[in-house]
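Next come the chains, spelled out residue by residue.
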Amino acid sequence: MSESLEDLLRRRLELGPITVADYMRLALGHPTLGYYRTRDPLGGVPDSAAGAVPSALPAVAGAVAGGDFVTAPECSQMFGELLGLWSAHVWGLLGQPDPIGFVELGPGRGTLMADALRAVRLVAPGFHAALRVHLVETSPVLRTRQAKALEGEAVEWHERLTDLPPGPFILLANEFLDALPIHQLVKREGQWRERQVGLTEAGDFGFQIGKTASPLARLLTPEVAQAPETSIAEVSPTIRGTVAAISRRLAHYGGAALLIDYGYAEAAAGDSLQAVRRHQYHPVLQDPGEADLTAHVDFSAVGAAARMSGVDVHGPIEQGAFLTRLGILERAQRLVRDADAAKAHDLVEGMHRLIAPDRMGSLFKVIGLGPVGLSALPGFVS
Ligand code: SAH
């Protein structure tokens, strides 16, 4: 039988512990066995599902169909539609560059992009004619789903951000950053040391702590650095590097970006590493490659990386407030008018999931990146 990811990791850990970041990188991104390489992890919401829960939180049993987690575009068509209209509006603010890249990072099933294109084709045909769709996706399984969702559209796929062609672009990324590797540091004897994954005496996977101070400690804010003994703090050079790369391209070619994820607006100590499988939390070191593994995004670090790379930062603000400002209530009313009772129920339930503070409305944050001096991006001003 071929080697499982768990066997492969065990062989690696026999040589010595690895960082949490390397563990995430392998569990999610191993070229043949990684979680995102081998499956479609997204669940759907069945018609008239009541009480289903936000992405990455345990589900009420039976409320969601299949997969491991549900994302905003899979909850409601209005999510992609409103982001499409946001993009069309921003295209106008940028002076209607033609052509313009319309980029999505980690497009999942392609639902967000399909909903966005449907909306702009109707409402902003000029933008629709000018845009060129570019999807950055590593998963062959999800690329196939995306091709199906976007049948009839001209789409180019790329393995990584740096493969995008030159030129201005508008970029969307929903629940992309949370899948990128983070390092965890633990305060021990007054030093911030790397939290590692190694083998316990019994031969199981377990957390360990490095013996010396980590050079990554310099990335902690002064407030977080002062956290008490045994605290855990998270830093992600990969997220900072990704945001910096997006921002440098934006500063060079022009354009704007919208990054949406669950996370916190202000840096804080804490352990947010979590695994989710079939809509339930899962022990983080169990079944590597079979469960989704994510961390909450530190939006203060995202904003700082973007600012340092030459763009203006808008937000972060909560998803509920952002979608409300973009007009989700009015859009829902319009759609409900033409819907039968079951569809109307789904529309209202979907909207509720996206904006209610106890669902996805508060935990999820939105941050906008735009050219220096452009006073406002839609959704960030009241
Ligand atoms: N945005 C989608 C899917 C979120 S799941 C939605 O909201 O439904 C994360 C997505 O990012 C998946 O499409 C996954 O395959 C992709 N992904 C994860 N790591 C990636 C990486 N390093 N490069 C490109 N895509 C990645």
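First, a word on what this report is: a plain description of the structure on this page.

Thresholds applied
- Residues numbered from 1 in each chain as written.
- Predicted model: local features only at pLDDT ≥ 70, side-chain atom pairs only at ≥ 80, totals over all residues.
- Heavy atoms only, no water.
- Helix = DSSP H or I, 4+ residues; strand = E, 2+ residues; numbered from the N terminus.
- Rg over C-alpha atoms; globule rule 2.2 N^0.38 Å.
- Buried < 20%, exposed > 50% of the residue type's maximum accessible area, 1.4 Å probe, protein only.
- Contact = heavy atoms within 4.5 Å.
- Areas by Shrake-Rupley, 256 points an atom, 1.4 Å probe, with all protein chains shown as cover.
- Lys, Arg positive; Asp, Glu negative; His and termini not counted.
- Charge placed at Lys NZ, Arg CZ, Asp CG, Glu CD.
- Pairing = 2+ DSSP bridges.
- Near = heavy atom within 4 Å.
- Polar contact = N/O pair within 3.5 Å; in protein donor to acceptor, adjacent residues only side chain to side chain.
- Salt bridge = Lys/Arg side-chain N within 4 Å of Asp/Glu carboxyl O.
- Axes fitted to C-alpha atoms, helices over the stretch in contact; angles between N-to-C directions.
- Nonpolar A, V, L, I, M, F, W, Y, C, P; charged D, E, K, R; others polar.
- Phe/Tyr/Trp six-rings, centres within 6.5 Å; stacked < 30°, edge-to-face > 60°.

Below, the discussion takes up the overall build of the protein. Broken down by element type, the protein carries 15 helices and 16 strands. In terms of overall size, the protein behaves like a compact globule, its C-alpha atoms giving a radius of gyration of 21 Å where 382 residues would be expected to give roughly 21 Å. Dimensions of the protein, computed from the C-alpha atoms along their principal axes, are close to 60 × 45 × 40 Å. Out of the 382 residues in the protein, the part that is buried amounts to 56%. A separation threshold of at least 6 residues defines the contact pool for the protein, and within that pool the share at least 24 residues apart is 74%. In the structure as shown, the protein presents an accessible area of about 16,100 Å², 54% of it carried by carbon and sulfur atoms. A gap of 3 Å separates the mean positions of the 34 positive and 43 negative side-chain charges of the protein.

Moving on: the environment of Gln196. By secondary structure assignment, the location of Gln196 is in strand β7 (residues 191-199). On the basis of relative accessible area, Gln196 is assigned to the buried category, the value being 17%. Taking the C-alpha atoms as reference, Gln196 lies 5.0 Å from Gln208; in sequence the two are 12 residues apart. Other than its neighbours up to four places away in sequence, Gln196 contacts Pro17, Ile18, Thr19, Gly206, Phe207, Gln208, Ile209 and Gly210.

We now examine the pairing of strand β11 (residues 274-277). Burial along β11 is two-sided: the face carrying Gln274 and Val276 and the face carrying Ala275 and Arg277 are both buried. Note that β11 and strand β13 (residues 292-294) share three bridges and pair antiparallel. For Ala275, the partnering residue across the bridge sits in β13 and is Leu293. Bridge count for β11 against strand β12 (residues 280-282) is three bridges, and the pairing is antiparallel. Paired with Ala275 across the strands is His282, a residue of β12. Adjacent in sequence and paired antiparallel, β11 and β12 are bridged by two residues, among which Arg278 carries a positive phi angle near 45°.

The environment of the ligand is formed by 16 residues, the closest being Thr71, Gly106, Gly108, Glu137 and Asn174. Between the ligand and Thr71, the relevant distance is 2.5 Å, taken from an oxygen atom to a side-chain nitrogen or oxygen of the residue. Between the ligand and Gly108 there is a distance of 3.0 Å, counted from an oxygen atom to a backbone nitrogen or oxygen.

What follows concerns the pattern of salt bridges. Inspection of every chain in the model, using the stated rule, returns 17 salt bridges. The partner of Arg25 in a salt bridge is Asp22, and the shortest N-O contact between them spans 2.5 Å. Separated by three residues within a single helix, Arg25 and Asp22 lie in helix α2 (residues 20-29), roughly one turn from each other. A salt bridge links Glu153 to Arg121; its shortest N-O distance comes to 2.3 Å. Of the two residues, Glu153 sits in the loop between α8 (140-149) and β4 (155-158) while Arg121 sits in helix α6 (residues 111-123), which places them 32 residues apart along the sequence. Residue Glu153 is classed as partly exposed on the basis of its relative accessible area, which comes to 23%. Three or more residues joined by partner-sharing salt bridges are found here, namely Asp40, Glu74, Arg109 and Arg145.

Another point: the packing of helix α5 (residues 77-93) against helix α14 (residues 341-355). It is at 9 Å that the axes of α5 and α14 come closest, and there the two elements cross at 65°. Listed contacts from α14 to Gln77, Met78 and Phe79 of α5 are Lys343, Leu347, Met351 and Leu354. Residue classes in the contact of α5 with α14 are distributed as five nonpolar, one polar and one charged.

Now for the packing of aromatic side chains. Within the structure shown, the criterion is met by five aromatic pairs. For the pair Tyr35 and Tyr36, a centre-to-centre distance of 5.1 Å together with 80° between the ring planes defines the contact as edge-to-face. According to the relative accessible area criterion, Tyr36 is buried, its value standing at 18%. With a centroid separation of 5.4 Å and an interplanar angle of 75°, the aromatic rings of Phe102 and Phe127 are classed as edge-to-face. Taken together, the positions of Phe102 in strand β2 (residues 100-105) and Phe127 in helix α7 (residues 125-130) put the pair 25 residues apart, joining distant regions of the chain. Judged on exposure class, the residue Phe102 and its partner Phe127 are both buried. Through successive ring pairs, a cluster of aromatic residues spans Trp91, Phe102 and Phe127.

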